[in-house]
Amino acid sequence: MAAPRSPGDPRRLRGAGATQRVSGSPRPSPEVYGDRHVDDASAADPEEMFPMSAPAQTLNPKVVGISIAAAVGGFLFGFDTSVINGAVGALSAEFSLGAGLTGFAVSSALLGCAVGAWFAGSLANRFGRIPVMVIAAILFFVSAIGSAFAFGVWDLIVWRLVGGLGVGAASVIAPAYIAEVAPARYRGRLGSLQQLAIVLGIFAALLSNAVIANTAGGAAESYWFGVAAWRWMFMIEAVPAAIYGVMALFLPESPRYLIGKGERDKASKVLYDFTGELDVNLKIEQISHSLERESRESLRDLLGGRFGLLPIVWLGIALSLFQQLVGINVIFYYSTTLWQSVGFDESQALLTSTITSVMNIVATIIAILLVDRVGRRVMLLVGSAGMTVSLGLMALAFSFGETAAGAESVSLPDPWSTVALISANAFVMFFGTTWGPLVWVLLGEIFPNRIRASALAVAAAAQWGANWAVSATFPTLSEIGLSFAYGLYAAFALLSLLFVARWVPETKGRELEDMDQLRLGRRGEAGDVAADG
């Protein structure tokens, strides 16, 4: 039992109806939740029952700290998916792999990602957000050590699948947790930390791979204690994985999860000490009302509507699909050719890759600064328009490409080489400032409390499936022609523009408890998105 609140305590009840009893739960005691009560019969209108609580006036440094700690999972997400790029040549030689098996070894983690994302929501609902973070950290750690000491390609693939499970779980739990602890006013900025952590993880993997390879004289050469350098590239991931696991143990549990389990005192402390909620009692009752249900959350709760799933779930899946279908993960498959066309040598691959990574980081920082000022919807529209134009220009530029006999690279004449290079980097900036971070923000906030973890799991699994499909089909598309491949991605970028204009609502400044009343479309006015139809 929490200590009684003094009249001046900001946690003390200030709104009528704040102690409305949720069906099936005991009436909260006056000492904890205030001393005013409203009869059940007077609570017909949810807006009258739960008037909007006052938002936190300032950003609590504590909520920034726990959001950063949760986003370390995103860092490992980026590191794990990128680290193999520096080791692929050496491990192919070590295990005498053909192109097909090498490609499968590289992409096998994506299969684990989809599975990990699918089950993360159910685990988070049953055991809590923090235990899932710890499980993800353990999976990252085991994958790092196992991959480093792999004795053959098949056990390497197994360890990569294990790491993929961790990536999938982290891709679900971090945005959900950050959205649930963040004040509505700052949720966009804090949610964007996930994408910033991902691009920092990619950059860290690039940097550590380069340092190890350059120090050893090559990825296949011996490094510390006679162990091959490429094995150390994998092993180094164990360090941030261990840090993530330890940090997760000290994080407070999500207040939405705690309230769902009836632990209101603990939820009150998190909302007041971390989120900075000024009217904790009213916020608890709003959350309780949004969570009201008779059975445990499951994937069955997502079913409904004319197309099998609730409309809001389809919205989340579509956002995930479009984020991948614009081709971000393969757009720089020919990046070396682009940079060579304006004077960079192939040996300067580290420099050009570093430039791209730094651009990603800068773009994400820009998104963090803008998302809670400009809004999600406007930024997505601008991003889609910019990606459509930049990808279209790349498709046009590569239509003038020439491939010399026996050569694998494409040669672009002036001025199309410069057009392609500028367009490719413009695409990265448009994606990095909009669709990269904002999809994670939206996936963490658009779903009603009662289905958030499960719906986010389905959307994230769809995203990993699309990631794999785009990566697997690009070689075939590029054989048809790079102009065709980039033209197809431009078409998806245009479709994403139309999709956002028609279906995506603005969620800037909305409380998570108001998402039940979010209507799909431009205005996003009241209307139950979780309802059938």
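The paragraphs below set out a description of the structure included in this document. Just so you know, these numbers come straight off a predicted model, no measurement behind them. (Residues numbered from 1 in each chain as written. Predicted model: local features only at pLDDT ≥ 70, side-chain atom pairs only at ≥ 80, totals over all residues. Heavy atoms only, no water.)

Focus on helix α22 (residues 482-503)
Next, step 1: With 22 residues, α22 ought to run about 32 Å at 1.5 Å a step, and its terminal C-alpha atoms sit 31 Å apart, in line with that.
Next, step 2: Of all the residues in α22, the buried ones are Leu482, Ala485, Tyr486, Tyr489, Ala490, Ala493, Ser496, Phe499 and Val500.
Next, step 3: On its buried face, α22 sits against α15 (311-325), α18 (376-398), α20 (435-445) and α21 (452-480). (Helix = DSSP H or I, 4+ residues; strand = E, 2+ residues; numbered from the N terminus. Expected span 1.5 Å × (residues − 1). Buried < 20%, exposed > 50% of the residue type's maximum accessible area, 1.4 Å probe, protein only. Contact = heavy atoms within 4.5 Å.)

Overview of empty space enclosed by the protein
Next, step 1: A complete count under the given rule lists 2 cavities of 30 Å³ or more for this structure.
Next, step 2: If you add up the space inside the second largest cavity, you get close to 50 Å³.
Next, step 3: If you go around the second largest cavity, the residues you meet are Pro175, Ile178, Ala179, Arg187, Gly191, Trp440, Val441, Gly444 and Glu445.
Next, step 4: Elements that contribute at least two residues to the lining of the second largest cavity include exactly α7 (153-181), α8 (187-191) and α20.
Next, step 5: For the lining of the second largest cavity, the element with the most residues is α20, which contributes 4 residues. (1 Å grid on protein atoms, 1.4 Å probe; cavity = no way out; pocket = protein on both sides within 12 Å on 5 of 7 lines; lining within 4 Å. Points joined across faces, edges and corners; volume = space filled by probe spheres on them.)

Comments concerning the packing of aromatic side chains
Next, step 1: In the structure shown here, the tally under the stated rule is 17 aromatic pairs.
Next, step 2: When the centroid spacing of 5.4 Å and the interplanar angle of 40° are considered together, the rings of Phe322 and Phe499 count as tilted. On the criterion of sequence distance, the pair formed by Phe322 in helix α15 and Phe499 in helix α22 is long-range, its members being 177 residues apart.
Next, step 3: Put simply, the rings of Tyr223, Trp224, Phe225 and Trp232 pair up and form one aromatic cluster.
Next, step 4: Between the NZ or CZ atom of Lys62 and the centre of the ring of Phe274, over which it lies, the distance is 5.9 Å.
Next, step 5: The ring of Trp503 carries the charged tip of Arg502 above its face, separated from the ring centre by 4.1 Å. (Phe/Tyr/Trp six-rings, centres within 6.5 Å; stacked < 30°, edge-to-face > 60°. Lys NZ or Arg CZ within 6 Å of the ring centre and 35° of its normal.)

So, the packing of α21 against α22
When two helices pack together, you describe them by how their axes are tilted relative to each other and by the distance separating the axes.
Next, step 1: Interhelical geometry of α21 versus α22 gives an angle of 135° and a closest axis separation of 6 Å. Compared by their axis directions, α21 and α22 come out oblique. Residues Val470, Phe474, Leu477, Ser478 and Ile480 of α21 form the contact with α22, whose participating residues are Leu482, Phe484, Ala485, Tyr486, Leu488 and Tyr489.
Next, step 2: Partitioning the contact of α21 with α22 into residue classes produces 10 nonpolar, 1 polar and no charged. (Axes fitted to C-alpha atoms, helices over the stretch in contact; angles between N-to-C directions. Parallel < 35°, antiparallel > 145°, perpendicular 65-115°, else oblique. Nonpolar A, V, L, I, M, F, W, Y, C, P; charged D, E, K, R; others polar.)

Observations concerning the nonpolar core
Next, step 1: By size, the foremost hydrophobic cluster in this structure holds 116 residues, and its most contacted members are Met133, Ile312, Val313, Leu319, Trp435, Tyr486 and Tyr489.
Next, step 2: Counting residues per element, this core draws most heavily on α21, at 13 residues.
Next, step 3: Among the nonpolar cores identified, the runner-up in size contains 28 residues, and Val83, Ala148, Ile157 and Ala229 belong to it. (Core = buried A, V, L, I, M, F, W, Y, C linked by side-chain atoms within 4.5 Å.)

Things to note about a nonpolar patch on the surface
Next, step 1: Among the surface-exposed residues, Val358, Val362, Ile365, Ile366, Leu369, Leu370, Val374, Val378, Val382 and Phe430 lie close enough to one another that they form a single nonpolar patch of about 730 Å² accessible area.
Next, step 2: Those elements that provide at least two residues to the nonpolar patch are α17 (349-374) and α18.
Next, step 3: In terms of residues, the nonpolar patch owes the most to one element, α17, which gives 7 residues.
Next, step 4: Following the sequence through the fold, Val358 ends up in helix α17. (Patch = residues over 30% accessible without salt bridge, like charges linked within 9 Å, V, L, I, M, F, W, Y side chains within 5 Å. Areas by Shrake-Rupley, 256 points an atom, 1.4 Å probe, with all protein chains shown as cover. Salt bridge = Lys/Arg side-chain N within 4 Å of Asp/Glu carboxyl O.)

Examining unusual backbone geometry
Next, step 1: Phi at Phe225 is positive, roughly 55°, even though this residue is not glycine.
Next, step 2: Considering the arrangement of structural elements, one finds Phe225 in the loop between α9 (193-216) and α10 (229-235).
Next, step 3: Here Phe225 falls in the exposed class, since its relative accessible area comes to 77%.

Overview of the pattern of salt bridges
Next, step 1: Scanning the entire structure with this criterion turns up 12 salt bridges.
Next, step 2: Notably, a salt bridge pairs Asp273 with Lys269, separated by 2.8 Å at the nearest N-O pair. With Asp273 and Lys269 both in helix α13 (residues 264-275) and 4 residues apart, the pair spans about one turn of that helix.
Next, step 3: Each of Arg187, Arg189, Asp372, Arg376 and Glu445 takes part in salt bridges that share partners, so that together they form one network.

Here's the deal with the packing of helix α3 (residues 61-83) against helix α6 (residues 129-148)
Next, step 1: Closest axis-to-axis distance for the α3/α6 pair is 11 Å, and the angle between their directions is 30°. Classified by the angle between their axes, α3 and α6 sit roughly parallel to one another. Like other packed secondary-structure pairs, α3 and α6 cross with a definite hand, here left-handed. Contact residues: α3 offers Ala70, Gly73, Leu76, Phe77 and Asp80, while α6 offers Met133, Phe140 and Ser143.
Next, step 2: Per-class residue counts for the contact of α3 with α6 are 5 nonpolar, 2 polar and 1 charged. (Left-handed = near helix turned anticlockwise from the far one by under 90°.)

Some thoughts on the side chain of Gln324
Next, step 1: Along the polypeptide, Gln324 turns up in helix α15.
Next, step 2: Within polar-contact distance, the side chain of Gln324 engages the side chain of Gln323 at 3.3 Å.
Next, step 3: Discounting residues that sit within four places of it in the chain, Gln324 has contacts with Asn329, Gln463, Ala466, Asn467 and Val470. (Polar contact = N/O pair within 3.5 Å; in protein donor to acceptor, adjacent residues only side chain to side chain.)

Some thoughts on helix α14 (residues 280-291)
Next, step 1: Helix length check: α14 (12 residues) gives 16 Å between terminal C-alpha atoms against 16 Å at 1.5 Å per residue, within 8%.
Next, step 2: Of all 12 residues in α14, 11 are buried; the element is thus mostly enclosed.

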